[in-house]
Amino acid sequence: MNNLDGKIEVIGKLFSSDFFFEIPDYQRPFAWDESNFQDLIDDLQSAQGGKQYFLGTLVLHKKQEKNLYDVVDGQQRITSLLILIACLRDLITDSEFKTSLQDKILQKENKVDGIPEMPRIAVKDRQIFRELILESGGTQLLRRDDEFPEPHIRYVQAIKVFQKHLGKLNQEELQRTAKFINQNCTIVYLATTTFDDAFKLFTIVNDRGKQLRRIDVLKAQNISPDAIAIPQTRDKVAKQWESMENDIGESEFESILYSMRMILIKEKPQEDLLSEFENRIFKKGLLSRGEKFVDEVKIYCDLYRSIFSDKEFIPKQDKNHLKFKAMIHIMDSEFEASEWRSCLMFFAKKFGTVNFYEFMLDLEKIYLEQWVSTVRKDERFTIYSKLLKLIDECKKSEDVLSQITFNTSKIIAAAKLSKLYGARYVKYFLLRLEVVESENDMYKEINAKSIEHVFPQNPAATSEWRQDPDFDQHKAVVDSIGNLVLLSRSKSSSASNHDFEVKKESYLKERLSDYPRSLQVTTETEWTVKKIKVLTEALAKKIVQNP
């Protein structure tokens, strides 16, 4: 690794004219919470009295400008330390101490020597950071939490936590704390002159805070000067990226990029996400870097939100609108694998709402066939890759539907299993039956708490359940789909073994909510082994019916 610079430095040295830090656009916003701030101040308090206290590692990308560094890893800790020093500055009354601490926070302008005013840390939220942290007295301003949106509220929370602790100290103790932080607290910094080397260092030495992710590097590469030459455009694209991530949510946003990777390559992954985009997408010309890439990300973010989050992709006037909402809810919440989402979004992008609902139901059957057959991950990728290629090749949505194949007999056979209760897909099957049985005249989001056996698994020796003429076959049917219902409330083990009439009236009715299929149980006058067998056969066939 070329041009690597590394050293242990005290905080006082890091917050001096030898170092100026910038939080680059690809970094996520300041994200520590009250527990992190409390841990930091507690650790510092406990460490006082010792010779040195190690605060972690900074991974830096040295810029061309003298003493200027991008913070690749460690922004949470170093920003929090500067806020803590600002709190000390505003609580200490000694003017010399105040001035010295302010110099750690903000380099004063010196017109004679041509030295500009510069903050020791340049953050994204520059205006509010200046008001609260950089300006002397800023931490003393009375601010309510509800005055600020995320992430600005984090600065206020940090100030409140630090002030609560420091406010208990007298002036001598405050000065001693300031000296300890600046003279005895150390950080190891590792700096390189290239971003790639800095990121390699990051993968070796991780800060304990919010870690940089592969998608953060992807962002950095696509808003770099090499990708977007005009500074104003870079700033606009960086803000657009941040807005999309905040809007969708971190984990969902990352999943969208994985879906895009699959849609663009249409093959199983061979490398990590970053390398796949670099070597198999950008270098092969499947998508251009920079603004066009971010525009494409936005297209898929909008589709993801419309399909999975808002569930409004199919318009309200469409006859399938409510059915779509009900089905996508259970698919999205219960399906364990995620590759199917790529196919659904790609179909939506190419064909819009035309045959979208029909395609989604076919896609569901493909997934269910894989699920009940325990298809391996490699096989799944092969199946979905072929489907993506089919979507790409077809000019009409009807052409895609006409070439899709799946085997519903495997799904029906799985639904007939005598030990279905232990299968991973049992809850989905039960949820699907509720959707099929529903009139779908209004949207009902079914979020079942648990699965209940109507005929108990272990009825008491004196119970009426044991009077069933076919009780000797009880074990063969008790875990089958005909004996299972969804509960909207948690189970009660003491009540679940009651005789049917008591269980139905005092236990099931209040826990079945408005689940239409499960509620049918409460209309029955008896519940027998024979009835369970008949129901299992009927429900197994119904499991592949479309709403």
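Novice: Run through the overall build of the chain, naming residues and quoting values.
Specialist: From N to C terminus, the chain includes 24 helices and 10 strands. Taking all 547 residues of the chain together, the buried fraction comes to 53%. A separation of at least 24 residues holds for 72% of the contacts in the chain among residues at least 6 apart in sequence. As presented, the chain carries roughly 25500 Å² of accessible surface, and 47% of it is formed by carbon and sulfur atoms. Between the mean site of the 82 positive side-chain charges and the mean site of the 86 negative ones, the chain shows a separation of 2 Å.

Novice: Describe the layout of surface pockets, with residues and values.
Specialist: Put simply, the largest pocket is a space of about 1300 Å³. Along the wall of the largest pocket there are 42 residues; nearest its centre are Pro 24, Tyr 26, Ala 220, Ile 223 and Ser 224. At the level of secondary structure, the elements contributing two or more residues to the lining of the largest pocket comprise α8 (195-204), α9 (214-222), α10 (231-248) and α12 (273-282). The element that contributes the greatest number of residues to the lining of the largest pocket is α10, accounting for 7 residues. Here the lining of the largest pocket is composed, by residue class, of 15 nonpolar, 8 polar and 19 charged.

Novice: Requested: an account of the pairing of strand β10 (residues 484-487), with residues and values cited.
Specialist: Burial along β10 is two-sided: the face carrying Leu 484 and Leu 486 and the face carrying Val 485 and Leu 487 are both buried. Sheet topology places strand β9 (residues 450-453) next to β10; 4 bridges connect them, and they run antiparallel. If you follow Glu 452 over to β10, its bridge partner there is Val 485.

Novice: So what about the sheet that holds strand β2 (residues 20-22)? Which residues, and what values?
Specialist: Reading across from one edge, β1-β8-β3-β4-β2-β7 is the order of the 6 strands in this open sheet, with mixed pairing throughout. In the strand order of this sheet, the two ends are held by β1 (5-10) and β7 (121-122), each with one partner. Two strands pair when backbone bridges link them, and strand β3 (residues 53-62) and strand β4 (residues 68-73) are joined in this way by 4 bridges, in the antiparallel orientation. By the bridge assignment for β4, Lys 62 is matched with Tyr 69.

Novice: Please set out unusual backbone geometry residue by residue, giving values where relevant.
Specialist: Even without being a glycine, Lys 266 presents a positive backbone phi close to 60 degrees. Accessibility expressed as a relative area gives 12% for Lys 266, which makes it buried. Of note in this structure, Asn 355 is not a glycine but carries a positive phi near 60 degrees. Structurally, Asn 355 can be placed in the loop between α15 (339-351) and α16 (356-372).

Procedures and definitions
- Residues numbered from 1 in each chain as written.
- Predicted model: local features only at pLDDT ≥ 70, side-chain atom pairs only at ≥ 80, totals over all residues.
- Heavy atoms only, no water.
- Helix = DSSP H or I, 4+ residues; strand = E, 2+ residues; numbered from the N terminus.
- Buried < 20%, exposed > 50% of the residue type's maximum accessible area, 1.4 Å probe, protein only.
- Contact = heavy atoms within 4.5 Å.
- Areas by Shrake-Rupley, 256 points an atom, 1.4 Å probe, with all protein chains shown as cover.
- Lys, Arg positive; Asp, Glu negative; His and termini not counted.
- Charge placed at Lys NZ, Arg CZ, Asp CG, Glu CD.
- 1 Å grid on protein atoms, 1.4 Å probe; cavity = no way out; pocket = protein on both sides within 12 Å on 5 of 7 lines; lining within 4 Å.
- Points joined across faces, edges and corners; volume = space filled by probe spheres on them.
- Nonpolar A, V, L, I, M, F, W, Y, C, P; charged D, E, K, R; others polar.
- Pairing = 2+ DSSP bridges.

Everything listed here is a matter of coordinates, which is why it stays silent on function.
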